[in-house]
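# Chains, contacts and geometry: an overview
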Amino acid sequence: MTPTYYRPDYLSTLTPSEFANEIKIQLPTPEKSIRNYAGSVLTSLAPSYDEYVARFNDLDAKISLFNQLHHFKIDLGKMENPYYGKETPTEDNGSLCFDGPLEDHHALRCLKIKI
């Protein structure tokens, strides 16, 4: 059980590029125990906390995109994605977006540039 709870703590200390590499590694599911069968079943139903850590990294990517665009005035072709290095952000419905290791359902890596 302990690796399940230490993993989010460990992932939160990594840089975004290290996080992108580490998130690919899946932990083995713990074996079910006859002595604590209900606890084993409930543990297997628990959500993956990796997504919560990814949301914070996605927000950092959005802040980085804002700073590169408005503060440092960097051209789109020379921007750096915190996850993957030099990468041109994609434009989608008036927003600039960086790619990341997980799907971004909440557009946390996107910055609205047109209304």
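Quick note: structure is the one above.
Residues numbered from 1 in each chain as written. Predicted model: local features only at pLDDT ≥ 70, side-chain atom pairs only at ≥ 80, totals over all residues. Heavy atoms only, no water.

### Focus: unusual backbone geometry
- In the Ramachandran plot, Lys-73 falls in the positive-phi region, its phi being about 55 degrees despite a non-glycine side chain.
- Structurally, the position occupied by Lys-73 is in the loop between α4 (50–71) and β1 (80–81).
- Residue Asn-93 is not a glycine yet carries a positive backbone phi of 55 degrees.
- Looking at where Asn-93 falls in the secondary structure, it is placed in the loop between β3 (90–92) and β4 (95–97). (Helix = DSSP H or I, 4+ residues; strand = E, 2+ residues; numbered from the N terminus.)

### Structural notes on the side chain of Asp-58
- Tracing the backbone through its elements, the reader meets Asp-58 in helix α4.
- Within the structure, the side chain of Asp-58 is placed 3.0 Å from the side chain of Arg-109, a separation counted as a polar contact. (Polar contact = N/O pair within 3.5 Å; in protein donor to acceptor, adjacent residues only side chain to side chain.)

### A look at the state of the cysteines
- What the rule picks out here adds up to one disulfide.
- Here Cys-97 pairs with Cys-110 through a disulfide, and the sulfurs are 2.0 Å apart. Classification of the bridge connecting Cys-97 and Cys-110 rests on its S-S torsion, roughly 115 degrees, and on that basis the disulfide is right-handed. Here Cys-110 lies in strand β5 (residues 110–112) and Cys-97 lies in strand β4, a separation of 13 residues in the sequence.
- With a relative accessible area of 8%, Cys-97 lands in the buried category. (Disulfide = S-S within 2.5 Å. Buried < 20%, exposed > 50% of the residue type's maximum accessible area, 1.4 Å probe, protein only.)

### Section: the packing of aromatic side chains
- Taken as a whole and judged by the stated rule, the model has two aromatic pairs.
- Taking 6.1 Å as the distance between ring centres and 35 degrees as the angle between the ring planes, the aromatic pair formed by Tyr-49 and Tyr-52 counts as tilted.
- Taking relative accessible area as the criterion, Tyr-52 reaches 43% and is therefore assigned partly exposed. (Phe/Tyr/Trp six-rings, centres within 6.5 Å; stacked < 30°, edge-to-face > 60°.)

### Observations regarding the nonpolar core
- Counting 14 residues, the largest nonpolar core has Leu-11, Phe-19, Leu-65, Tyr-83 and Phe-98 as the members making the most contacts within it.
- Among the elements of the structure, α2 (16–22) and α4 are those that each provide at least two residues to this core.
- With four residues, the single largest contributor to this core is α4.
- Those residues in contact with Phe-98 that lie beyond four places of it in its chain are Ala-61, Leu-65, Gln-68, Met-79, Glu-80, Asn-81, Pro-82, Glu-87, Pro-89 and Arg-109. (Core = buried A, V, L, I, M, F, W, Y, C linked by side-chain atoms within 4.5 Å. Contact = heavy atoms within 4.5 Å.)

### A word on the pattern of salt bridges
- All chains considered together, the criterion is met by four salt bridges.
- A salt bridge links Arg-7 to Asp-50; the shortest N-O distance between them is 3.1 Å. Placement of the pair is Arg-7 in helix α1 (residues 2–11) and Asp-50 in helix α4, with a sequence separation of 43 residues.
- On the basis of relative accessible area, Arg-7 is assigned to the buried category, the value being 10%. (Salt bridge = Lys/Arg side-chain N within 4 Å of Asp/Glu carboxyl O.)

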